[in-house]
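# Architecture and fold: a report
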Amino acid sequence: MLNRRAVLSGTMSLAFLAACSQNGEDGSGGASEGGTVGIAMPTRASDRWLTDGKSVVQSLKARGYKTKLVYGDDDPKAQVSQIKGLIEQGVDALIIAAIDNRSLDGVLQRAADADIVVISYDRLILGTRNVDYYVSFDNEMVGRMQAHHIIEKLGLEDGKGPFNIELFAGSPDDNNTKYFFDGSMALLQPYLEDGKLVVPSGQTKLERITTLRWDGPTAQRRMSGILTKSYGGRKVDAVLSPYDGISRGVLSALKSAGYGSGGRPLPVVTGQDAELDSVKSIIAGQQSQTVYKDVRQLAQAAATMVDDILNEREPEVDTSVDYDNGVKPVPAVLLQPLSVDKTNYDVLVQSEYFTADQLK
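Here the residue numbers are simple positions, counted from 1 along each chain's written sequence. At least 70 in pLDDT is required for a residue's local features to be given in this predicted model, at least 80 for side-chain atom pairs to be given and counted, and no such filter applies to totals for whole chains, interfaces and linings, which use all residues. Computation of side-chain values: all heavy atoms of the structure, hydrogens and water removed.

## Section: the side chain of Thr290
Here is the rule we go by: Each helix is a run of H or I in the DSSP string that is no shorter than four residues. Each strand is a run of E no shorter than two, and both are numbered from the N terminus. Exposure categories follow from relative accessible area, calculated using a 1.4 Å probe and restricted to protein chains: below 20% of the type maximum is buried, above 50% is exposed, and the middle band is partly exposed. Within 3.5 Å is the distance limit for a polar contact, defined as a pair of N or O atoms, with the added protein rule that one can donate a hydrogen and the other accept it, and that residues adjacent in sequence qualify only through two side-chain atoms.
For Thr290, the position within the fold is in strand S10 (residues 289–292). What makes Thr290 buried here is its relative accessible area of 0%. For Thr290, the side chain forms a polar contact with the side chain of Asp244, separated by 2.9 Å. A polar atom in the side chain of Thr290 sits 3.3 Å from the backbone nitrogen of Gln272.

Structure, rendered in structure tokens:
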């Protein structure tokens, strides 16, 4: 086998690539026989990441690989230690969803020295040349879907307003946070500028609205503080929330303040990841929207990429220039998300993401 990083840098001949592709369907030959892939996921506190871990393992095992799955439980230092352990155990590739996307340069140098390919999973790892590929969803589109839902529900395109909105963002150490926020602001900013949307708290800059570790209770405390300090007789009409766990925290604060009862309707609240509790909340008329990202497809994309690399085939990517991690552009595969609300949540059953009984 040639050095894997020679494959990634494009030094292999097309003839050799073609020959490698004939090893068997789904990479059944070559490195997939007995190869081991280390998978580092960020937390077990979110249903989404439990599904990711399970799906990546299943997708790799279906291609003949052994797997070692670890969870960092939102502790960046623990994740670094876990990745170091996977390297020492001699894995052939690493799939990493980073907790702190700037904390991994040192340990990834160890991976490079050991000729271990690194795939950044859903969250782009920053500040290192030792990340080879990135698999994720179109994250700016996620933000645009959330903003579009708010615009549509409030009737902003029909000239309605002004409406009060509060803005929430994800964890400051997750590169996706900026993509979600930028996607949302691309659509919401014109309405903020013409006064159709008003932020009574005054908290509009990204650094003011982040939520460390995407934590729901942290979002709940912030929303409660905003309601106490900035609203009084005013009402909240919409909340831009980037993730279902944050959305549930926001809704808890709103309900404690009397929203959802006594003639005070809940505001429009967006979300992401189609977590079961939030989908049930949407069906019940509480959370308004979520963005469905079928992480089973993401897991399959990561597994296919690993299989290609370990069998010396050059992976197909959607872009080689758009995702710069501060050191280099990282070739990326991007999947498409889907906006889900009360009108179309049945797509989750049709795609077998949930069963009908789970949503009751």
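## Some thoughts on unusual backbone geometry
In this structure, Pro162 follows Gly161 across a cis peptide bond, with omega equal to 5 degrees. With respect to the element layout, Pro162 can be found in the loop between helix H6 (139–154) and strand S6 (163–167). Phi is positive for Asp115, close to 60 degrees, though the residue is something other than glycine. In this fold, Asp115 is placed in the loop between helix H5 (105–113) and strand S4 (117–121). Of note in this structure, Asp122 is not a glycine but carries a positive phi near 70 degrees.

## Notes on the sheet that holds strand S5 (residues 133–137)
Worth spelling out the cut-off: When DSSP finds two or more bridges between a pair of strands, those strands are recorded as paired. Lines fitted to the C-alpha atoms define the axes, with helices restricted to the stretch that makes contact. Angles between their N-to-C directions range from 0 to 180 degrees. Here, two residues are considered to be in contact whenever any of their heavy atoms come within 4.5 Å of each other.
Taken in spatial order, the six strands of this open sheet run S2-S1-S3-S4-S5-S11, and their pairing is parallel. Since the sheet does not close on itself, it has two edges, and those belong to strand S2 (66–71) and strand S11 (332–335), each with one partner. The sheet shows a mean angle of 15 degrees between the axes of neighbouring strands, direction not considered. The pairing of strand S1 (residues 36–41) with strand S3 (residues 93–96) spans four bridges and is classified as parallel. Counted as the bridge partner of Gly38 is Leu94 from S3. Its contacts with the sheet place helix H4 (residues 76–88) against S1, S2 and S3, and it is angled at close to 180 degrees to S1.

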